[in-house]
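# Residue-level structural notes
What follows is each chain in one-letter form.
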Amino acid sequence: MMSLLPLSQCVLLLFFFLYMLMILATATELRPGFYAETCPEAESTVREVMKKVMKRDPRNAASVMRFQFHDCFVDGCDASLLLDDTPTMLGEKLSLSNINSLRSYEVIDEAKEELEKLCPGVVSCADIIIMASRDAVVLTGGPNWEVKLGRLDSLTASQEDSDKIMPSPRSTASALIDLFSEFDLSVKDLVALSGSHSIGNGRCFSIVNRLYNQSGTGMPDPALETQYREKLDKLCPKGGDEEVIGDLDATPHVFDNQYFKDLVSGRGFLYSDQTLFTNQRTREFVQNFSSDQEGFFKAFVEGMVKMGDLQSGRPGEIRQNCRVVNRRPMEILIESLDEMNEQKSET
Ligand code: HEM
Ligand SMILES: *[C@@H]1O[C@H](CO)[C@@H](O)[C@H](O)[C@H]1NC(C)=O
Ligand SMILES: *[C@@H]1O[C@H](CO)[C@@H](O)[C@H](O)[C@H]1NC(C)=O
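Predicted, not measured: the structure shown is a model, and the values here were computed from it.

### Considering the packing of helix 4 (residues 105–118) against helix 5 (residues 125–139)
Running from amino to carboxyl end, helix 4 crosses helix 5 at an angle of 115 degrees, the nearest separation of the two axes being 10 Å. Where helix 4 crosses over helix 5, the two elements pack in a sense that is right-handed. On helix 5, the residues that touch I108, A111, K112 and L115 of helix 4 are C125, I128 and I129. For the contact of helix 4 with helix 5, a count of residues per class yields six nonpolar, no polar and one charged.

Structure below.
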């Protein structure tokens, strides 16, 4: 194959690889105020976009905050989950946990558009996810914190990695403890971060097993409190529409410790939520957070910062459009060379 390429193209290819090495940065140390000089309005711009989209649809807060989890766990916080599939790459959008479930991608697009107007080519999509997640928490009544920035956007995404890593709503607490520990996240981090389900919704799809056939028993999950189970049975009847959504806690638009109170009273929406109260190793944290909102907030912020530190160490870039990797000048050159060759062979 290579021997068929004319020398000029081989040289070009060589330059292309050298060029890739040169312009693809590897991540530097993350730090607060990373854009203070290069884009001082970055954080306030993202905050304003979040306010706007939450007016349009309050659920956008939850949906955007969930991005941080699904991005950071799969090959680091690198906006890999925002990449659309291409003919040569199956991305993460259609992975088991994300398909028909992750939503509000257009919110990140809106923030990116604003930022590209303001300071083109400066703010990464990966950092937008981190800023917007923090804002989602603040704007729904949760704690505020300083985010570390300076992430790069990935050049690829992997559906396979997402499928392998992201937990199912049927996970047990011990499986979740093991998963989180692979990312250096403690049992406390796991319970606190699960408190993100203080806002947002889940589909009947995610709970019908637990309502009608928990672990193949043909019975509902015994941890479900009876009245709450009856309510869920009405919302999600056997054989009904599994796209119907329910609230993850009793106050789905307010970031508070209601989620933990609900778990204590057997009113967790997902099996993976309720298991945190059933399991001995996680139970005490649930109990404590249910009676100490400040303690929950503090632990949640610690968990979000730790999760935001996850990095793949791979080279990256600042994407212009969060859904696609940038086209490189060298690639454009090679493409036009190919076109020239094709035209030549046609004549
Ligand atoms: C501990 C393991 C976790 C599991 C098994 C899990 C699973 C799920 C599931 C199944 C849903 C509903 C999806 C659907 O039915 O379409 C959901 C929603 C959600 N998850 Fe998690 N999750 C976990 C941890 C987290 C973490 C760490 C965060 C963020 C820090 C998070 C944020 C959210 C949010 C905000 C929603 C609601 C999204 C919306 O309304 O659009 N989750 N999660
Ligand atoms: C419950 O699940 C088990 C195993 O997953 C399956 O064999 C069984 O047919 C299911 N029962 C019902 C009533 O769907
Ligand atoms: C829960 O709170 C009690 C009382 O403040 C404390 O002694 C205990 O260590 C806490 N448990 C956990 C797991 O943090």
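### Comments concerning the side chain of D75
Relative to the elements of secondary structure, D75 occurs in the loop between helix 3 (60–72) and helix 4. Dropping the residues within four chain positions of it, D75 is found in contact with S158, D161, S312 and R314.

### A word on helix 5
The end-to-end C-alpha separation of helix 5 is 20 Å, in line with the 21 Å expected for 15 residues at 1.5 Å each. Of all 15 residues making up helix 5, 13 are buried, and the element is well covered by its neighbours. Where helix 5 terminates, the next one or two residues include G141, which has phi positive at roughly 100 degrees.

### A short note on the coordination of the iron atom of ligand 1
Only one protein atom coordinates the iron atom of ligand 1: H197 (NE2), located 2.1 Å from the metal. Along the chain, H197 turns up in the loop between helix 8 (187–194) and strand 1 (201–203).

### A closer look at the nonpolar core
Of all hydrophobic cores here, the largest spans 71 residues; its most connected members are M50, F73, L82 and F300. A total of nine residues in this core trace back to one element, the largest contributor, which is helix 5. Sequence-distant contacts of F300, defined by excluding residues within four places in its chain, comprise M65, V137, W145, A192, L193, S196 and F255.

### Focus: the state of the cysteines
Under the criterion given, the structure shown has four disulfides. Note on cysteine connectivity: C39 is disulfide-linked to C119, with sulfurs 1.8 Å apart. Of the two residues, C39 sits in the loop between helix 1 (7–23) and helix 2 (42–56) while C119 sits in the loop between helix 4 and helix 5, which places them 80 residues apart along the sequence. Residue classification places C39 among the buried residues on the basis of a relative accessible area of 2%.

### So, the site of ligand 3
Residues in close proximity to ligand 3 include E284, F285 and N288, which together make up its full environment. The contact in question runs from a nitrogen atom of ligand 3 to an N or O atom on the side chain of E284, over 2.7 Å. N288 places a side-chain nitrogen or oxygen 2.4 Å from an oxygen atom of ligand 3. In isolation ligand 3 has 360 Å² of accessible area, and contact with the protein removes 37% of it.

### Notes on the packing of aromatic side chains
Within this structure, the stated rule accounts for 16 aromatic pairs. Ring geometry for F34 and Y35: centres 5.0 Å apart, planes at 90 degrees, overall edge-to-face. Aromatic side chains F260 and F296 sit 4.9 Å apart centroid to centroid with 70 degrees between the ring planes, which places their arrangement in the edge-to-face category. Of this pair, F260 sits in helix 11 (residues 258–264) while F296 sits in helix 14 (residues 293–308); the two residues are 36 residues apart in sequence, bridging distant segments of the chain. Neither F260 nor F296 differs from the other in exposure class; each is buried. One aromatic cluster in this structure is built from W145, F255, Y259, F260, F289, F296, F297 and F300.

### Overview of unusual backbone geometry
Backbone geometry at D75 places phi at a positive 60 degrees, although glycine is not the residue there. Despite not being glycine, N100 shows a phi value in the positive range, around 60 degrees. One can find N100 in the loop between helix 3 and helix 4.

### Remarks on a negative patch on the surface
A contiguous patch of negative charge, built from D338, E339, E342 and E346, is present on the exposed surface. By the element assignment, E342 lies in helix 15 (residues 329–346).

Here is what the cut-offs are and how they apply
- Residues numbered from 1 in each chain as written.
- Chains lettered and ligands numbered in written order.
- Predicted model: local features only at pLDDT ≥ 70, side-chain atom pairs only at ≥ 80, totals over all residues.
- Heavy atoms only, no water.
- Axes fitted to C-alpha atoms, helices over the stretch in contact; angles between N-to-C directions.
- Helix = DSSP H or I, 4+ residues; strand = E, 2+ residues; numbered from the N terminus.
- Left-handed = near helix turned anticlockwise from the far one by under 90°.
- Contact = heavy atoms within 4.5 Å.
- Nonpolar A, V, L, I, M, F, W, Y, C, P; charged D, E, K, R; others polar.
- Expected span 1.5 Å × (residues − 1).
- Buried < 20%, exposed > 50% of the residue type's maximum accessible area, 1.4 Å probe, protein only.
- Donors = N, O, S within 2.8 Å, 3.2 Å for Na, K, Ca; no water.
- Core = buried A, V, L, I, M, F, W, Y, C linked by side-chain atoms within 4.5 Å.
- Disulfide = S-S within 2.5 Å.
- Near = heavy atom within 4 Å.
- Polar contact = N/O pair within 3.5 Å; in protein donor to acceptor, adjacent residues only side chain to side chain.
- Areas by Shrake-Rupley, 256 points an atom, 1.4 Å probe, with all protein chains shown as cover.
- Phe/Tyr/Trp six-rings, centres within 6.5 Å; stacked < 30°, edge-to-face > 60°.
- Patch = residues over 30% accessible without salt bridge, like charges linked within 9 Å, V, L, I, M, F, W, Y side chains within 5 Å.
- Salt bridge = Lys/Arg side-chain N within 4 Å of Asp/Glu carboxyl O.
- Lys, Arg positive; Asp, Glu negative; His and termini not counted.
- Charge placed at Lys NZ, Arg CZ, Asp CG, Glu CD.

Keep in mind that these numbers describe shape and distance, not what the molecule does.
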